[in-house]
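# Inside the fold
If you want the building blocks of each chain, they are given just below.
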Amino acid sequence: MRAVLSPKDSDYHSQARAWAHEAPDPLEAPELYDGIRVKRLIACGIDFIVISMLLFAVWVIGSFFAIITLGLLFPVLALAAFVLPFAYHILLIGGASNATLGMRIMDLRVVAWNGHRPGYPQAALQTLLFFGSISIATPLVLALSFFNPRGRCLHDFLAGTVTINDLHLDRLRAPREV
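Residues numbered from 1 in each chain as written. Predicted model: local features only at pLDDT ≥ 70, side-chain atom pairs only at ≥ 80, totals over all residues. Heavy atoms only, no water.

## Things to note about the pattern of salt bridges
Convention followed: What makes a salt bridge here is a side-chain nitrogen of Lys or Arg within 4 Å of a carboxyl oxygen of Asp or Glu, nothing more. Under the scheme used here, helices are H or I runs from DSSP no shorter than 4 residues and strands are E runs no shorter than 2 residues, and both carry numbers assigned from the N terminus. Each residue's exposure class comes from its accessible area (1.4 Å probe, protein chains only) as a fraction of the maximum for that residue type: buried when under 20%, exposed when over 50%, partly exposed otherwise.
This structure, assessed with the given rule, holds two salt bridges. Two residues, R40 and D156, come together in a salt bridge whose shortest N-O distance is 2.7 Å. Within this pair, whereas R40 is found in helix α1 (residues 36-68), its partner D156 is found in helix α6 (residues 154-159), the two being separated by 116 residues in sequence. In this pair, the class of R40 matches that of D156, namely buried.

And the structure:
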């Protein structure tokens with residue numbers, strides 16, 4: 001349940017507040033969506049590199065143990081290599097920062113449509129839809145983002161999420177509940 005917070009807030013990294021209704025309109029809060037498409041592409045590239053490095057490490061270490069066990073661990077190694085990209089996205093998007101490492105570098109964050117922090121189930125849904133959509137039609141995944149002002153892709157629409165610039169804007173914060 002984290003939305004846009006100010007560093008002056010006492011529980012800046014853990015407190016949860018959302019905007020009043022739905023995601024702010026790009027005309028009212030353009031700073032949330034400025035350059036979002038390019039930033040998402042760069043973040044995706046960074047995540048690809050990070051996942052590739054993790055997969056390489058898993059294969060090197062796993063192959064060593066698989067050879068020691070005379071090949072008995074190769075199926076486990078294959079399963080780990082398959083699960084790693086999913087776990088990377090689900091755990092990081094559903095976690096406290098709501099962003100993968102690439103998104104953090106590009107100052108992006110995934111939030112639910114109402115501004116709340118997406119939980120692990122919503123992060124899992126978004127991740128499965130993302131990998132499913134890129135496996136079917138890779139270039140078309142981003143095509144939808146050019147036809148909506150918030151730069152949302154198909155998996156964002158279906159999962160009920162929006163990716164925003166990670167800004168800490170007090171004017172977009174919902175009033176505190178008393």
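## Looking at the packing of helix α2 (residues 74-94) against helix α4 (residues 120-136)
Using the following cut-off: The axes are straight lines fitted to the C-alpha atoms, using for helices just the contacting stretch, and the angles between their N-to-C directions are given from 0 to 180°. These descriptions rest on fixed angle ranges, namely under 35 degrees for roughly parallel, over 145 for roughly antiparallel, 65 to 115 for roughly perpendicular, and the rest for oblique. Note: crossing handedness is left-handed where the near helix turns anticlockwise from the far helix by less than a right angle, and right-handed where it turns clockwise. Every residue pair with non-hydrogen atoms within 4.5 Å of one another is taken to be in contact. Asp, Glu, Lys and Arg are counted as charged, while Ala, Val, Leu, Ile, Met, Phe, Trp, Tyr, Cys and Pro are counted as nonpolar; the rest, among them Gly, fall into the polar class.
Interhelical geometry of α2 versus α4 gives an angle of 140° and a closest axis separation of 8 Å. As summarised for this structure, α2 and α4 are arranged oblique, according to the angle between their axes. Every pair of crossing elements has a handedness; the one defined by α2 and α4 is right-handed. In contact with P85, F86, H89, I90, L91, I93 and G94 of α2, α4 contributes Y120, A123, A124, Q126, T127, L128 and F131. Among the residues making up the contact of α2 with α4, the classes are represented as ten nonpolar, four polar and no charged.

## Quick look at α4
At 3.6 residues per turn, the α-helix brings residues three or four places apart onto the same side. The following threshold applies: Each residue after the first adds 1.5 Å to the expected span of a helix.
Its 17 residues give α4 an end-to-end C-alpha distance of 24 Å, which sits within 8% of 24 Å, the value for a rise of 1.5 Å per residue. Listed in full, the buried residues belonging to α4 are A123, A124, Q126, T127, F130, F131 and S133. Of the surrounding elements, those touching the buried residues of α4 are α1, α2, β1 (108-112), α5 (140-143), α6 and β2 (161-165).

## Quick notes on the nonpolar core
As a reminder of what qualifies: Note on terminology: a nonpolar core comprises buried Ala, Val, Leu, Ile, Met, Phe, Trp, Tyr and Cys residues joined through side-chain atoms within 4.5 Å.
Among the nonpolar cores identified, the biggest contains 14 residues, and A43, Y88, I93, M103, M106 and L108 are the most heavily contacted of them. Those elements giving two or more residues to this core turn out to be α1, α2 and β1. Among the elements that take part in this core, α1 stands out by supplying five residues, more than any other. With residues up to four places along the chain from it excluded, the contact list for L108 reads I36, K39, R40, A43, A99, M103, T163, I164, N165 and D166.

## What about a nonpolar patch on the surface?
For clarity, the cut-off: Patch rule: a residue counts if its relative accessible area is over 30% and it has no salt bridge; like charges are joined within 9 Å, and nonpolar side chains (Val, Leu, Ile, Met, Phe, Trp, Tyr) within 5 Å. Computed with a 1.4 Å probe, the accessible areas rest on the Shrake-Rupley method; for each residue, only the protein chains presented here act as cover.
On the surface, a cluster of nonpolar side chains totalling about 800 Å² of accessible area is made up of F56, V60, I61, F64, F65, I68, L73 and V76. With six residues, α1 is the largest single contributor of residues to the nonpolar patch. Looking at the secondary structure, you find V60 in helix α1.

## Side note on the pairing of β1
Convention followed: In this analysis, strands are considered paired if DSSP registers two or more bridges between them.
For β1, the tally of buried residues reaches five of five residues, placing the bulk of the element in the interior. Judged by which residues are buried, β1 turns out to be covered on both faces: L108, V110 and A112 on one side and R109 and V111 on the other are all buried. Here β1 pairs with β2 via five bridges, running antiparallel. Among the inter-strand pairings, V110 is bridged to a residue of β2, identified as T163.

## Considerations on the environment of L92
Take L92: it is sitting in helix α2. Sequence separation between L92 and A123 is 31 residues, and the spatial gap between their C-alpha atoms is 8.6 Å.

## Remarks on unusual backbone geometry
Of note in the backbone geometry, L70 takes a positive phi value of approximately 60° without being a glycine. Along the chain, L70 falls in the loop between α1 and α2. Residue classification places L70 among the exposed positions, given a relative accessible area of 79%. One non-glycine residue, D107, adopts positive backbone phi at about 60°. Counting through the fold element by element, D107 comes out in the loop between α3 (101-105) and β1.

## A word on the packing of α1 against α2
The interhelical angle for the contact between α1 and α2, taken along N-to-C directions, is 160°, at an axis separation of 10 Å. The angle between α1 and α2 places the two elements in the roughly antiparallel class. When you trace α1 past α2, the crossing you get is right-handed. Contacts from D47, V50, I51, L54, L55, V58, W59, G62, S63 and A66 of α1 reach α2 at F74, L77, A78, A80, A81, L84, P85, Y88 and H89. Classifying every residue of the contact of α1 with α2 gives 15 nonpolar, three polar and one charged.

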